[in-house]
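# Structural overview for review
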Amino acid sequence: MADKILKKLNIKVWRQNNAQDKGRFETYTIENISTGSSFLEMLDILNNNLIEEGKDPIAFDHDCREGICGTCSLFINGRAHGPDTEVTTCQLHMRKFKDGETITIEPWRAAAFPVIKDLVVDRTAFEKILQAGGYISVNTGGVPDANAIPISHEDAEESMDAASCIGCGACVAACKNSSAMLFVSAKVAHLAKLPQGKVEAKSRARKMVAKMDELGFGGCTNTGACEVECPKSISITNIARLNREYLTARFSE
Amino acid sequence: MSILDSKIPEGPLAEKWNKHKSNIKVVSPANKRKLEVIVVGTGLGGASAAASLAELGYKVKAFCYQDSPRRAHSIAAQGGINAAKNYQNDNDSVFRLFYDTIKGGDYRAREANVYRLAEVSPNIIDQCVAQGVPFGREYGGLLDNRSFGGVLVSRTFYARGQTGQQLLLGAYQALNRQISKGNVEMYSRHEMLDVVKIDGKARGIIARDLVSGEIKRFGAHAVVVATGGYGNVFFLSTNAMGSNGSAAWQCYKKGAMMSNPCFVQIHPTCIPVHGDQQSKLTLMSESLRNDGRVWVPKKNEDAEKLRKGEIGPNDIPEDDRDFYLERRYPSYGNLVPRDVASRAAKERCDAGFGVNAEGKAVYLDFKYAIERLGKDVIKARYGNLFQMYEKITDVDPYKEPMMIYPAIHYSMGGTWVDYNLMTTVPGLYSIGEANFSDHGANRLGASALMQGLADGYFVLPYTIGDYLADEILTPKADTNALEFEEAEKAVTGRIEKLFNIKGSKPVDYFHKKLGHVMWDYVGMSRNAEGLKKAIEMIKEIREEFWKDVKIPGELNNLNPELEKAGRVADFLDIGELMAHDALDRNESCGGHFREESVTEDGEAKRDDEQFTYVSCWEFNGEGKEPVLHKEDLVFENVKLTQRSYK
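Quick caveat, the model's predicted, so the values are computed rather than measured. (Residues numbered from 1 in each chain as written. Chains lettered and ligands numbered in written order. Predicted model: local features only at pLDDT ≥ 70, side-chain atom pairs only at ≥ 80, totals over all residues. Heavy atoms only, no water.)

Looking only at helices and strands, one finds nine helices and seven strands in chain A. Expressed as a percentage of the 253 residues in chain A, the buried residues total 58%. Taking all contacts inside chain A whose residues are at least 6 apart in sequence as the whole, residues at least 24 apart take part in 69%. Within the structure as shown, chain A displays about 9800 Å² of accessible surface, and the carbon and sulfur contribution to it stands at 50%. Of the side-chain charges in chain A, 30 are positive and 33 negative, and the distance between the mean point of each set is 5 Å. (Helix = DSSP H or I, 4+ residues; strand = E, 2+ residues; numbered from the N terminus. Buried < 20%, exposed > 50% of the residue type's maximum accessible area, 1.4 Å probe, protein only. Contact = heavy atoms within 4.5 Å. Areas by Shrake-Rupley, 256 points an atom, 1.4 Å probe, with all protein chains shown as cover. Lys, Arg positive; Asp, Glu negative; His and termini not counted. Charge placed at Lys NZ, Arg CZ, Asp CG, Glu CD.)

Within chain B one finds 18 helices and 20 strands. Taking 646 residues into account, the globule formula puts the C-alpha radius of gyration at 26 Å, and chain B, at 24 Å, falls close to it. Dimensions of chain B, computed from the C-alpha atoms along their principal axes, are close to 75 × 60 × 50 Å. Relative to its full complement of 646 residues, chain B shows a buried share of 66%. (Rg over C-alpha atoms; globule rule 2.2 N^0.38 Å.)

With 78 residues of chain A in contact, the opposing surface of chain B contributes 79 residues. Contact between chain A and chain B buries roughly 6500 Å² in total, counting both sides, with carbon and sulfur atoms accounting for 49%. For the interface between chain A and chain B, the tally reads eight salt bridges. We note a salt bridge from B:R189 to A:D61, for which the minimum N-O separation is 2.9 Å. If you look at where chain A meets chain B, you find 50 residue pairs in polar contact (both at pLDDT 80 or more). Elements represented by at least two residues in the side of chain A that touches chain B include exactly β2 (24–34), α1 (39–52), β6 (115–117), β7 (120–121), α2 (124–131), α3 (153–163) and α5 (181–192) of chain A. (Buried area = accessible area lost by both parts, 1.4 Å probe. Salt bridge = Lys/Arg side-chain N within 4 Å of Asp/Glu carboxyl O. Polar contact = N/O pair within 3.5 Å; in protein donor to acceptor, adjacent residues only side chain to side chain.)

All names here are of chain B. Compared with an ideal rise of 1.5 Å per residue, which puts 19 residues at 27 Å, helix α12 (residues 375–393) spans 20 Å between its outermost C-alpha atoms and falls more than 12% short. Of all bends in α12, the biggest is about 80°, found at Y382. Of the positions making up α12, those classed as buried are I378, Y382, L385, F386, M388, Y389, K391, I392 and T393. Elements in contact with the buried residues of α12: α11 (367–373) and β16 (402–411). Looking one or two residues beyond α12, the residue adopting positive phi is D394, at roughly 65°. (Expected span 1.5 Å × (residues − 1). Bend = angle between axes of the 7 residues up to and from the residue.)

Tallied over the full model, the rule gives 33 aromatic pairs over all chains. Here the aromatic rings of A:F75 and A:W108 are separated by 6.5 Å at their centres, their planes lie at 85°, and the arrangement is edge-to-face. Residue A:F75 is found in strand β3 (residues 75–76), and its partner A:W108 is found in the loop between β5 (102–106) and β6; the two are separated by 33 residues along the sequence. We note that A:F75, like A:W108, is buried. Look at B:F98 and B:Y115: their rings are 5.4 Å apart centre to centre, the planes differ by 65°, and that puts the pair in the edge-to-face class. Within this pair, whereas B:F98 is found in helix α4 (residues 94–104), its partner B:Y115 is found in helix α5 (residues 111–131), the two being separated by 17 residues in sequence. Note on B:F98: relative accessible area 0%, which makes it buried. Here a set of aromatic residues connected by ring pairs shows up, and it is made of A:F113, A:F126, A:F183 and A:F217. Here the basic side chain of B:R293 rests over the ring of B:F323, its NZ or CZ set 3.8 Å away from the ring centre. The lysine or arginine in question, B:R567, covers the ring of B:Y65, its NZ or CZ lying 5.0 Å from the ring centre. (Phe/Tyr/Trp six-rings, centres within 6.5 Å; stacked < 30°, edge-to-face > 60°. Lys NZ or Arg CZ within 6 Å of the ring centre and 35° of its normal.)

Take the UniProt feature "domain: FAD-dependent oxidoreductase 2 FAD-binding" (unreviewed entry) in chain B next. Per the UniProt entry, the sites bearing "domain: FAD-dependent oxidoreductase 2 FAD-binding" (unreviewed entry) are residues 37–449 of chain B in this numbering. Spanning residues 37–449 of chain B, this segment combines 31% helix with 20% strand, and its end C-alpha atoms are found 23 Å apart. (UniProt positions renumbered as here; feature names shortened; annotations may be inferred.)

Bringing the domain arrangement of chain A into the picture now. Residues and elements named next belong to chain A. Partitioning chain A into domains gives domain 1 (5–106) and domain 2 (124–251). With centres defined by C-alpha atoms, the gap from domain 1 to domain 2 works out at 30 Å. At the boundary of domain 1 and domain 2, one finds one salt bridge. Measuring nitrogen to oxygen at the nearest pair gives 3.1 Å for the salt bridge that ties R79 to E229. Scanning the region where domain 1 abuts domain 2 turns up two residue pairs in polar contact (both at pLDDT 80 or more). A per-class count over the side of domain 1 that touches domain 2 returns six nonpolar, four polar and two charged. (Domains from an automatic or database assignment. Nonpolar A, V, L, I, M, F, W, Y, C, P; charged D, E, K, R; others polar.)

Positionally, A:K187 belongs in helix α5. Among the residues examined, A:K187 registers a relative accessible area of 10% and is labelled buried. A sequence separation of 25 residues divides A:K187 from A:A162, and the C-alpha atoms of the two residues are 6.8 Å apart. Those residues in contact with A:K187 that sit more than four places away from it in its chain are A:L130, A:G134, A:M208 and B:Q173.

Okay, the domain arrangement of chain B next. Residue and element names in this part refer to chain B. The assigned domain composition of chain B is domain 1 (16–265 + 410–471) and domain 2 (266–409). Using only C-alpha atoms to locate each centre, domain 1 and domain 2 end up separated by 33 Å. Counting residues at the interface gives 22 residues for domain 1, matched by 22 residues for domain 2. Both sides together, the interface formed by domain 1 and domain 2 hides about 2000 Å², and carbon and sulfur atoms give 53% of it. Our count for the contact surface shared by domain 1 and domain 2 stands at zero salt bridges. In this structure, the connection of domain 1 to domain 2 is made through 10 residue pairs in polar contact (both at pLDDT 80 or more).

Below, the discussion takes up unusual backbone geometry. All names here are of chain B. One non-glycine residue with positive phi stands out, namely D199, at about 50°. You can see D199 is positioned in the loop between β7 (190–198) and β8 (201–209). What makes D199 exposed here is its relative accessible area of 72%.

Within this structure, the stated rule accounts for 11 cavities of 30 Å³ or more. Estimates place the volume of the largest cavity at around 920 Å³. For the largest cavity, the lining is made up of 50 residues, of which B:H73, B:S74, B:G228, B:G229 and B:E433 are closest to its centre. Going through the elements one at a time, α3 (44–56), β7, β16 and α13 (448–468) of chain B are the ones with two or more residues in the lining of the largest cavity. For the lining of the largest cavity, a count of residues per class yields 19 nonpolar, 25 polar and six charged. Taken together, domain 1 (16–265 + 410–471) and domain 2 (266–409) of chain B each give at least three residues to the lining of the largest cavity, which thus spans both. Taken as a whole, the second largest cavity encloses approximately 110 Å³ of empty space. Lining the second largest cavity are 15 residues, with A:C175, A:C220, A:T223, A:C226 and A:I239 positioned closest to its centre. Those elements that place two or more of their residues in the lining of the second largest cavity are α5 and α8 (225–229) of chain A. Here the residues of the lining of the second largest cavity sort into nine nonpolar, six polar and no charged. (1 Å grid on protein atoms, 1.4 Å probe; cavity = no way out; pocket = protein on both sides within 12 Å on 5 of 7 lines; lining within 4 Å. Points joined across faces, edges and corners; volume = space filled by probe spheres on them.)

Next up, the structure:
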């Protein structure tokens, strides 16, 4: 409860200057970190120490620091978003670590997410998948009244469950095949659960899966690792739904 | 000064927008294809504008500093979005939403703009539903509504505690569709560093590719800035780490005036600062004040024991608790507006009743609601917020009250725009939080999302046509023109200057120092002496910054410290302008509290006689005092009254 001070931590972190660089681990020590600090605040402090020592600080992605923008990544001690459940790295706090511990930090590892620098990866592949069909084809204006089509409470809630995806990529990083099926299925289910999105559900599934395959993500073998590491608890039942949409789409071709 | 023409249409309030739409020019589809528009920022305003303009046929280039447009900070908005749908049959109307917004803003916003905002609000909800936003619904299948602070009707639409996320994903999907059609060129991880003017008109931007470090030129027929607010001038705020005021500041330096920069919103319910390692503050939704009771101990000695950790909140008997909002404001109680609740918390903590180790926290207690309604009801209402609180603080709010304290949240001030959302630079537009126009001196909850989407979906796509219709013969901007070359040279020069200082202290050192000055003297409570002191202190920090900042890494590689340095250099300037503005406005209104202007019982006192204007600051050259212009606010439809919540 009350914050304590972690006197010393060893931070073993992946350093890679750019996409071409081979990369390697380096270990730094850091002292006097409050257990009430967040993991990224610990990295801020480490970085300011490195700058003062004349070294290059560690590049990592982060922005909102409240678990919703999906920018932060980090594979910490072998787990996507670290050793807590239902949190992003920015919500992880230092009370989850012990004094004297060595903490290993790596970037997301996936062929489709090349490293840009240190812990920062390029997730443009996710953008391309969504651009392939992750939307409802309506223009601004000329739409019916919001209450024109009733939607059951249950459907709206299920759609919302899937729509909670923050696009962080933890599912891909956690998967031994680097599959993006949980990510794709979340968008497909979010829209297919709503009458507005149902119209294009099949073609959407087909286009998004084709793009996913093209971009070098692996296949899904139902290990369920993605669901475990998803900070927003997106369920793998969405993958079953995606498979259904996808198969009927192929069947009707 | 007549240089400010707000272009508010003549005629009755309710007819202004329709009349204006029928009078402004329209561009033919064939000509739209030849016209290029740059949109900077991809939050609710930017994403909705970029998508809508591309749908109309314009060629759009969109920019964001994040790795994806979906990550803009609109994503973090929790509670909801207002709209005058009157679905609840509780006598809501466009006029009522307009009136609540004007009053909530303490009569410092433009009537015509606010009315238009209320007028287009129902269209936003229709649009979002069509895009697949999974709003909360009743069991009968129709949309549900919530109540929010400062109003008497239920007009807030929501998607759990993630409304901003869902609305942004809706706009992002529309944007993605246009990207896939080739109508929008998307530049992620690009930061706008200057706006380029040719013949007095905005014709493009200079941006840095944050991955390669390359400085690039982009041309267009118009530039739209949708880059949000400048709350991070305080270092600690609820804004994202990268949220910044730099794009708006470059526009200011190129002639776009800044209005009411001292109007910033301080949100009363945020998780308090702990120690000195904190990087940002997390908001706890305003909706919690529906069921939580705010208190501190009555006795100083109890507060002292709490601060030392010798006792816990549950050890303090009922009679020794001071429910100060209920005591001071019996009619509104815990649901007073944000500015009032924030000041009251500060007053108690300053008097020595703060309850955390730092003495800067008050309790928000759900014990009474749990006794009344049961834990399950509270869990259904606020479960995700309670989980978030517990993850951050390691305290279970079902068992112990939350600790909360006010934090910087939103910028009501921003770039001056006319009724068409155009700045004082022709062809340069500002939308969403980046402009000043709709919230006066205090924004109501759930209205930021409404404004961002109103501007992007339903206002700008019409008004920009009025300008572009006269540009159809203007050729594509020549990025080899002297103006582009000079702007690029200035940008490169500034980056090299920063990089070559090679001083001894990291950027954060200066940012934190600035933040302390801003919070202490330009924060919740301001006075002339403190503001003058702040201006001097900021000048000193600026001088030290430009002598001693240390930027590691390389210029031609991803370099977050370099990005931060540029933003903090601008925050130093923005902070100073905020202090000037706060000094000029010797009245208390909304979030701006001047200690010299209070009622006998210590409440904020507006001075309508002297200050019923929008301050408009004009850049007057580096190191020179800015020039103040005034746009007088004219109220034809509401009567100005002193707000009271007692």
